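# Summary of structural features
Here is what each chain is made of, one letter per residue.
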Amino acid sequence: MMSNSIAVELGQRLEPDLLETCRRLGDIAEDGTLFIVGGAVRDILLGRDPVEVDLVVQGDADELAQRAVQFRLALRTAASQFMTVKLTIGTREMDIATARSETYESPGALPDVAPSDIETDLGRRDFAANAIAVSIGSMDFGRVIDPHRGVNDVQAAVLRALHARSFRDDATRMIRAARYASRLQFRLHAETEAWLKRDASNISTVGPDRLRNEFNRLWREEKPVEGLIMLQSWGVLDHLPTASNWVSGLYSFSMSDREAAVRPDDVDDADVHWALIATTVGTEFETLTDTFHLAGSSRRAVDDIRLWKERGLASFNEAKTTGRPSDFTDVLALFEPAALEALYLTGDATESRVIASYLGTWRHVQPELNGNDLLEMGMSQGPLIGKFLDQLRKARLNNLVLNRDGEVQLVRQWMGRGSAVADES
Ligand code: CTP
C-alpha cells in the first residue's frame, strides 16, 4: 500500500479524536520523527480498526511530551521506564516510546536499551508484520517505513521472525506467534517455524510474570484454544510445568456451545482459563500457581477449583436434595464467579444448569425492601433486621414472593410471630 492510500486508511480507520491527536502530536514533533508502529499499522493494512496506537519518536520522548504540555495538547505526563512517556490527552492515555536498540545479554534476560533511529527500532521487533512504521509528521503524513517487507507479509498472512535468534532473545514471542496466528489467521513462515521449534525449550527461560502476562493475553482472545494447539504442536507446552495436559483439558468444552452461553461481564476470561486449567492439573495446584505467579483473582479462581473438589461439590450435592435456589446460592456464593464459569463449562448437566442460573440471575437477587422499610414497618434496630432481609432474599430466590407487596406481607407474618423467622424460604 502506498503512502497516499495508507494516509487515507489512517483517516478512515482511526477514531476521529485519535486521528486528530496523532496529527497534532505530529505537528509539534520535529518533522518526520513521529510514527505509528506495530499492531495498529498491521491492523490498518488488514482493513481492521485498531483499538489503540503505539507511537514511537525518533529523538527524545520526554522532550516531545514536555512540548505537548507546553502547547496545551497534553494535560499531564509521567515518565516511565525504558524511555517511554505517558501522555493524557483529553480522555485518552497515550504512550510514546523513544526509538531504541535492544541487545540481549542472555536468553530471557531483559534487554539493554539505547536510543536509536526508527529502522533500528523496527529491527528489534517480533515479526515483520509488526515491524512497519507510518509517519504522522505534518510534511510526510502516511509515509511507510518497511525495512523488513512487512507489508508483503501482512498481505500474504505470514508471521516471519526477523532473524534466527529471535525466539532465543525473547521466548514470549512463541506465545505471541500463537496469539497472532490464531487471531489473524496468519501462518508461520517455514523458516520461522523451524527456529521456533528448535528453540521451544527456551520458553523455560521466561520469568513467571512475563509468562503469565502473555498467556493472559492469549486467554482473552476469541479462540485461545486454537493458539494453544499451535503451541502444543511446536513443542512449547512440553517445557512448561502442568501444560502438557492443557490442550486435551480445554479442547472439548472450548468447542462446545456451552462456552458462549454464560459470560458474565464482571469475569475476566484470563481467570476463567486459569480455573479451567486448574481442573486439568490433578493435584499440582501449587506447581501451577508458582510457575505463573498467579495472584489476585486468578489465584482465587484456581484455589476455588481446589476447594470445589475438596468440599464444594459435596455441599452442592447436599443442596440438590432440596433443590432450592437459596440452598444452591448459599453454596455457590463462596466461590469466585470465574471458577464457577469454569465449573459450568466442565460440570455435568445439573451443575451447569444450576451454575448458569446462579451466575446469570440468583447472585444478583435482592429484596425490594431495605432496612429503613423494615424500621418504618415498626421493627426495632438490631440484628433481626439483617436476618429478615436475608430471609426475604431467600424467599425471592425461591419464588415464595414475587414483588414488594408480597415482601411486606411476609414481614408482617414474621413480625406477628415475634422474633422467630420461619424457615419457610
Ligand atoms: N513487540 C515485540 N516483541 C515483544 C512485544 C512487543 O516485538 N515481545 C512489538 C511488536 O512490534 C508489537 C508492538 O511491540 O506490534 C506492540 O506490542 P503489543 O502491544 O504487545 O502488541 P500489538 O501488536 O499492539 O498487539 P495487539 O494487536 O494484541 O494489541
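Now for a quick tour of the structure. (Residues numbered from 1 in each chain as written. Predicted model: local features only at pLDDT ≥ 70, side-chain atom pairs only at ≥ 80, totals over all residues. Heavy atoms only, no water.)

## Points about the overall build of the protein
In terms of helices and strands, the protein carries 22 helices and eleven strands. Relative to the compact-globule value of 22 Å for 425 residues, the protein shows a C-alpha radius of gyration of 28 Å, a clear excess of over 25%. Taking the principal axes of its C-alpha atoms as reference, the protein extends roughly 85 × 50 × 35 Å. Here the protein holds 425 residues, and 51% of them are scored as buried. Pairs at least 24 residues apart make up 65% of the contacts formed inside the protein by residues separated by at least 6 positions. Just so you have it, the protein exposes about 19900 Å², and 47% of that area is on carbon and sulfur atoms. Each charge class in the protein can be summarised by its mean position, and for the 48 positive and 65 negative side chains these summaries are 2 Å apart. (Helix = DSSP H or I, 4+ residues; strand = E, 2+ residues; numbered from the N terminus. Rg over C-alpha atoms; globule rule 2.2 N^0.38 Å. Buried < 20%, exposed > 50% of the residue type's maximum accessible area, 1.4 Å probe, protein only. Contact = heavy atoms within 4.5 Å. Areas by Shrake-Rupley, 256 points an atom, 1.4 Å probe, with all protein chains shown as cover. Lys, Arg positive; Asp, Glu negative; His and termini not counted. Charge placed at Lys NZ, Arg CZ, Asp CG, Glu CD.)

## Details of the site of the ligand
The ligand sits among 15 residues. The nearest are Arg42, Asp126, Arg179, Arg183 and Arg217. In this structure, Tyr180 approaches the ligand through a side-chain N or O atom, which is 2.9 Å from an oxygen atom. Surface burial for the ligand is 78%, taken as the share of its 570 Å² of free accessible area covered by protein chains. Contributions of two or more residues to the shell around the ligand are made by helix 3 (39-45) and helix 8 (172-184). (Near = heavy atom within 4 Å. Polar contact = N/O pair within 3.5 Å; in protein donor to acceptor, adjacent residues only side chain to side chain.)

## A word on the nonpolar core
Counting 108 residues, the largest nonpolar core has Leu25, Phe215, Leu231 and Trp246 as its most contacted members. Excluding residues that lie within four positions of it along the chain, Leu25 makes contacts with Leu34, Leu55, Leu64, Ala68, Leu73, Leu87, Ile89, Met94 and Ile96. (Core = buried A, V, L, I, M, F, W, Y, C linked by side-chain atoms within 4.5 Å.)

## Overview of the packing of aromatic side chains
Throughout the structure, instances matching the rule amount to 16 aromatic pairs. Where Phe215 meets Trp274, the ring centres are 6.4 Å apart and the plane angle is 75 degrees; that geometry is what we call edge-to-face. In this pair, Phe215 sits in helix 10 (residues 208-219) while Trp274 sits in helix 14 (residues 269-278), placing the two residues 59 residues apart along the sequence. Side by side, Phe215 and Trp274 carry an identical accessibility label, which is buried. Measuring from ring centre to ring centre gives 5.3 Å for Trp308 and Phe335, while their planes differ by 80 degrees; the resulting arrangement is edge-to-face. Pair noted here: Trp308 is in helix 16 (residues 296-322) and Phe335 is in the loop between helix 17 (325-332) and helix 18 (337-346), with a separation of 27 residues, a long-range link. Three or more aromatic residues link up through ring pairs in this structure, and these residues are Phe215, Trp219, Trp246, Trp274 and Phe292. The residue whose ring lies beneath Arg23 is Phe141, and the NZ or CZ to ring-centre distance is 4.0 Å. (Phe/Tyr/Trp six-rings, centres within 6.5 Å; stacked < 30°, edge-to-face > 60°. Lys NZ or Arg CZ within 6 Å of the ring centre and 35° of its normal.)

## Some words on the pairing of strand 4 (residues 84-89)
Consecutive residues of a regular strand have side chains that alternate between opposite faces of the sheet. Burial runs high along strand 4: five of the six residues are buried. Two strands pair when backbone bridges link them, and strand 4 and strand 5 (residues 92-98) are joined in this way by six bridges, in the antiparallel orientation. Bridging across to strand 5, Val85 finds its partner in Ile96. Adjacent in sequence and paired antiparallel, strand 4 and strand 5 are bridged by two residues, among which Gly90 carries a positive phi angle near 60 degrees. (Pairing = 2+ DSSP bridges.)

## A look at the pairing of strand 5
With respect to burial, strand 5 is a largely interior element, five of its seven residues being buried. Two elements, strand 2 (residues 54-57) and strand 5, share three bridges in a ladder whose sense is parallel. Bridge pairing in strand 5 places Val57 opposite Thr98.

## Things to note about the packing of helix 16 against helix 19 (residues 349-360)
Orientation of helix 16 relative to helix 19, taken along the N-to-C sense of each, is 85 degrees, at an axis distance of 12 Å. Compared by their axis directions, helix 16 and helix 19 come out roughly perpendicular. Counted together, Leu313, Phe316 and Lys320 of helix 16 and Thr350, Glu351 and Val354 of helix 19 form the full contact between these two elements. (Axes fitted to C-alpha atoms, helices over the stretch in contact; angles between N-to-C directions. Parallel < 35°, antiparallel > 145°, perpendicular 65-115°, else oblique.)

## Details of the pattern of salt bridges
All chains considered together, the criterion is met by 35 salt bridges. The partner of Glu221 in a salt bridge is Arg179, with the nearest N and O atoms 3.8 Å apart. Residue Glu221 is located in the loop between helix 10 and helix 11 (224-233), and its partner Arg179 is located in helix 8; the two are separated by 42 residues in the primary sequence. You can call Arg179 buried: its relative accessible area is 2%. One salt bridge in this structure joins Glu310 and Arg306, with 3.6 Å as the shortest N-O distance. With Glu310 and Arg306 both in helix 16 and four residues apart, the pair spans about one turn of that helix. (Salt bridge = Lys/Arg side-chain N within 4 Å of Asp/Glu carboxyl O.)

## A look at unusual backbone geometry
One non-glycine residue, Thr242, lies in positive phi territory at about 75 degrees. Of note, Thr242 is situated in the loop between helix 11 and helix 12 (246-254). Phi at His293 is positive, roughly 40 degrees, even though this residue is not glycine. Within the element layout of this structure, His293 appears in the loop between helix 15 (285-291) and helix 16.

## With respect to helix 19
Given a rise of 1.5 Å per residue, twelve residues ought to cover 16 Å, and the 16 Å separating the end C-alpha atoms of helix 19 matches this to within 8%. For helix 19, the complete set of buried residues consists of Glu351, Ser352, Val354, Ile355, Tyr358 and Leu359. You can read the cap of helix 19 off the contacts: a side-chain oxygen lies 3.1 Å from the backbone nitrogen of Thr350, and it is on Asp348. (Expected span 1.5 Å × (residues − 1).)

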